[in-house]
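Observations on the three-dimensional arrangement
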Amino acid sequence: DDAAGDDATMSSLGGPDAATETTKRLESIMASFDAFDTDMKVGTRQRREKDEFKVYLMKQQMAQLERQLNSEIKRRSEMQKSILTWCDARIAETGGKFRADVAAKRETLQTRVD
């Protein structure tokens, strides 16, 4: 009677073929997860390499910009010194002319007063 009960239970669950079929399906699903996992690892590695290359290029560009900036700073510093020297010369020249003009006017005024 127990054997009949086991047969009834097996037939209600689908029998031994159903268990084997379920196992095969689970193995198939697990295999697809392995493929998915591998694809994800490859994709992650490729994205990381791509990002690392972008960072490398940005560092190169940054180094080039820093060289250009330093060159521009040096050029402008030299230009500022040159302009300062030119301005000091013009101020001295103008001051000399002003003192000469004042002396000439004072002489003319002194001559008129005398």
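Residues numbered from 1 in each chain as written. Predicted model: local features only at pLDDT ≥ 70, side-chain atom pairs only at ≥ 80, totals over all residues. Heavy atoms only, no water.

1. Let's talk about the overall build of the chain
Scanning the chain from N- to C-terminus turns up two helices and zero strands. Sorting the 114 residues of the chain into buried and exposed places 3% on the buried side. As presented, the chain carries roughly 10700 Å² of accessible surface, and 59% of it is formed by carbon and sulfur atoms. (Helix = DSSP H or I, 4+ residues; strand = E, 2+ residues; numbered from the N terminus. Buried < 20%, exposed > 50% of the residue type's maximum accessible area, 1.4 Å probe, protein only. Areas by Shrake-Rupley, 256 points an atom, 1.4 Å probe, with all protein chains shown as cover.)

2. Notes on the pattern of salt bridges
The tally for this structure, following the rule as stated, stands at six salt bridges. Between E72 and R76 there is a salt bridge, and its shortest N-O distance comes to 2.7 Å. With E72 and R76 both in helix α2 (residues 15-113) and four residues apart, the pair spans about one turn of that helix. By relative accessible area, which is 28% here, E72 ends up partly exposed. Among the ionic contacts, a cluster of salt bridges with common partners joins E72, R75 and R76. (Salt bridge = Lys/Arg side-chain N within 4 Å of Asp/Glu carboxyl O.)

3. Focus on a nonpolar patch on the surface
A cluster of nonpolar side chains, L26, I29, M30, F33, F36 and M40, forms an exposed patch at the surface whose accessible area comes to about 620 Å². Structurally, I29 can be placed in helix α2. Exposure remark for I29: the relative accessible area of 41% places this residue in the partly exposed category. (Patch = residues over 30% accessible without salt bridge, like charges linked within 9 Å, V, L, I, M, F, W, Y side chains within 5 Å.)

4. Concerning the confidence of the model for the chain
In the predicted model, the chain carries a mean pLDDT of 86, and 86% of its residues have values of at least 70. Here residues 1-12 scores under 50 on pLDDT; set against residues more than four positions off or in separate chains, the count is one contact. (pLDDT = per-residue confidence, 0-100. Contact = heavy atoms within 4.5 Å.)

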